[in-house]
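# Secondary and tertiary structure notes
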Amino acid sequence: SDPLMTLTGLRMEAVLAKCENQIPGFSELLEDFPDTEEPTWILGKKYHLKTERSELLSDVRSRLWFTYRKKFSPIGGTGPSSDAGWGCMLRCGQMILAQALICRHLGIDWRWEKGKGQPEQYHRILQCFLDKKDSCYSIHQMAQMGVGEGKSVGEWYGPNTVAQVLKKLALFDDWNALAVYISMDNTVVIEDIKKLCKHWSENFRLQTDTSLYRGDVSKKQSASVHCRDWKPLLLIIPLRMGINHINPVYINALKECFKMPQSLGVLGGKPNNAYYFIGFLGDELIYLDPHTTQTAVDTEDDGSVDDYSYHCQRIPHRMKITHLDPSVALGFFFNTERDFEIWCSSVQKEILMTRSFRMFELVEKHPSHWPPFIPATKPEVQTTGAEFVEPADKLFESEEEFEILNV
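Throughout what follows, the structure given in this document is the object of discussion. (Residues numbered from 1 in each chain as written. Predicted model: local features only at pLDDT ≥ 70, side-chain atom pairs only at ≥ 80, totals over all residues. Heavy atoms only, no water.)

## Points about empty space enclosed by the protein
Applied cut-off: The pocket and cavity definitions rest on a 1 Å grid over protein atoms only: a 1.4 Å probe that fits but cannot leave marks a cavity, an open set with protein on both sides within 12 Å along at least five of seven lines marks a pocket, and residues lining either have an atom within 4 Å of a point. Grid points are joined across faces, edges and corners, and a volume is the space filled by probe spheres set on the points. The residue classification treats Ala, Val, Leu, Ile, Met, Phe, Trp, Tyr, Cys and Pro as nonpolar and Asp, Glu, Lys and Arg as charged. All others, Gly included, are polar.
By the definition in use, this model includes two cavities of 30 Å³ or more. Its boundaries defined by the atoms lining it, the second largest cavity holds a volume of some 70 Å³. Ile42, Leu43, Lys45, Asp59, Arg63, Gln99, Cys103, Ile108, Arg111, Pro261 and Ser263 are the residues that line the second largest cavity. Partitioned by chemical class, the residues of the lining of the second largest cavity number five nonpolar, two polar and four charged.

Rendered as structure tokens:
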């Protein structure tokens, strides 16, 4: 073939890809938000549309937005090279985890601006999700880890399954060092969470002391580890808030979750149509939609990534809360033990004591009729981890075994 024609074709493809990622700006769509006195809540932050519209839109635009992509390297070498049509819940899982990492490294007040330099940690977070097999939370890693959860590559996931996949992949992520706790039977057990987050810090301190003795780490690194006696925690609470539709008795409790500063939002949507819910306005949920197919972005020669297409430039979508599928997963992040204790107090006050129908339970002690709680550990052999995943036939783990909340 003619090399010049091939080069022209490649250039044209690059131009088209760039155009595809240019999404209508906020200014064209501002009227899409209603003129209201009601506050809008986005991941624990409150905004008044009349005076804080630009701040609200900046907050939404700063969230990492993961959508369908095409033209990435085939999953598993011979699998699909696009996740269009099947990867929406995986992309929502990536978004909720990315928000946890932003809280972990950059804080909830961090904002993204086009063309503005960002901290090194931001670029490292983005690298974790690029569409290539060696990124720790790539579509490749998630789809292949899902095989161990009984899902073939290209099959649609529910919120509980994607949570289990994230939990297993996090074991291989040494940089972020997150603890991941997925509640069972609509119950969050304080004792188990403290065991998970403190058990790690004790073990890690022991390893660091050994490494210090051997000279593998500096005294400064060791001191920073000794200061942290809590492993940062991603808490995911899978729920089924009704049978075919969300039961209205849970709506106010769901709204309270979005008001909490520890909120990472909610995974959910409609059957086979996943969205990442980040807040609410009145009786509508605000969400980021992964159902846009963009061309996969590769790392530049200098190691940087063109991140424009990873931030949603359009007005966020809204949906009536009553249209939400009842199968959801709530997400929360706790950088410190104090964050977790504050959240426990908020849950007791705002969700458990004031609602006759409880969305979930928060208990101090591990229920005696449950199997013992054993924190997951990273397999000894270096691998993606997919080979080590047991089938999802364990207690409470399958998508169908959500307990229907009592009403």
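Here the narrative resumes, following the displayed structure.
## Side note on the nonpolar core
Heads up, the rule is: What we call a nonpolar core is a set of buried Ala, Val, Leu, Ile, Met, Phe, Trp, Tyr and Cys residues that are connected through their side-chain atoms within 4.5 Å. Exposed residues in this analysis have more than 50% of their type's maximum accessible area, buried residues have under 20%, and partly exposed residues fall in between, with area computed by a 1.4 Å probe over protein chains only. We call two residues in contact when some of their heavy atoms are within 4.5 Å.
Judged by nonpolar contacts, the single largest core of 70 residues is most densely connected at Leu64, Phe129 and Tyr276. If sequence neighbours within four positions are ignored, Leu64 has contacts with Met95, Ala98, Ile102, Tyr122, Ile125, Leu126, Leu288, Tyr310 and His311. Ranked by size, the runner-up nonpolar core spans 47 residues in total, among them Leu196, Trp343, Val347 and Trp370.

## Topic: the pairing of strand β8 (residues 273-281)
Keep this limit in mind: Helix and strand assignments follow DSSP, with helices taken as H or I runs no shorter than four residues and strands as E runs no shorter than two, numbered in order from the N terminus. For two strands to be treated as a pair, DSSP must find no fewer than two bridges joining them.
Counting buried residues along β8, eight of its nine residues qualify, which places the element largely inside the surrounding structure. Pairing of strand β1 (residues 39-42) with β8 involves three bridges; the strand directions are antiparallel. Residue pairing in the sheet places Thr40 in a bridge with Leu281 of β8. Direction of pairing for strand β7 (residues 263-270) relative to β8: antiparallel, over a ladder of five bridges. Each bridged residue has a counterpart across the sheet, and for Val266 the counterpart in β8 is Phe277. Between β7 and β8, which pair antiparallel in sequence order, lie two residues; one of them, Asn272, sits at a positive phi of approximately 60°. Here β8 runs beside strand β9 (residues 284-288); their pairing, made up of five bridges, is antiparallel. Bridging from a neighbouring strand, Gly279 pairs with Ile286 of β9. Where β8 hands over to β9, the hairpin turn is made up of two residues, of which Gly282 adopts a positive phi near 60°.

## Comments concerning the pattern of salt bridges
To keep it simple, the criterion reads: Salt bridge criterion: a side-chain nitrogen from Lys or Arg within 4 Å of a carboxyl oxygen from Asp or Glu.
Taken as a whole and assessed by the stated rule, the structure comprises 16 salt bridges. For the salt bridge of Asp83 with Arg91, the shortest nitrogen-to-oxygen distance reads 2.8 Å. Taking relative accessible area as the criterion, Asp83 reaches 0% and is therefore assigned buried. Put simply, Lys194, Lys198, Glu337 and Glu341 are held in one network by salt bridges that share partners.

All quantities given are derived from atomic positions and should not be read as evidence of function.
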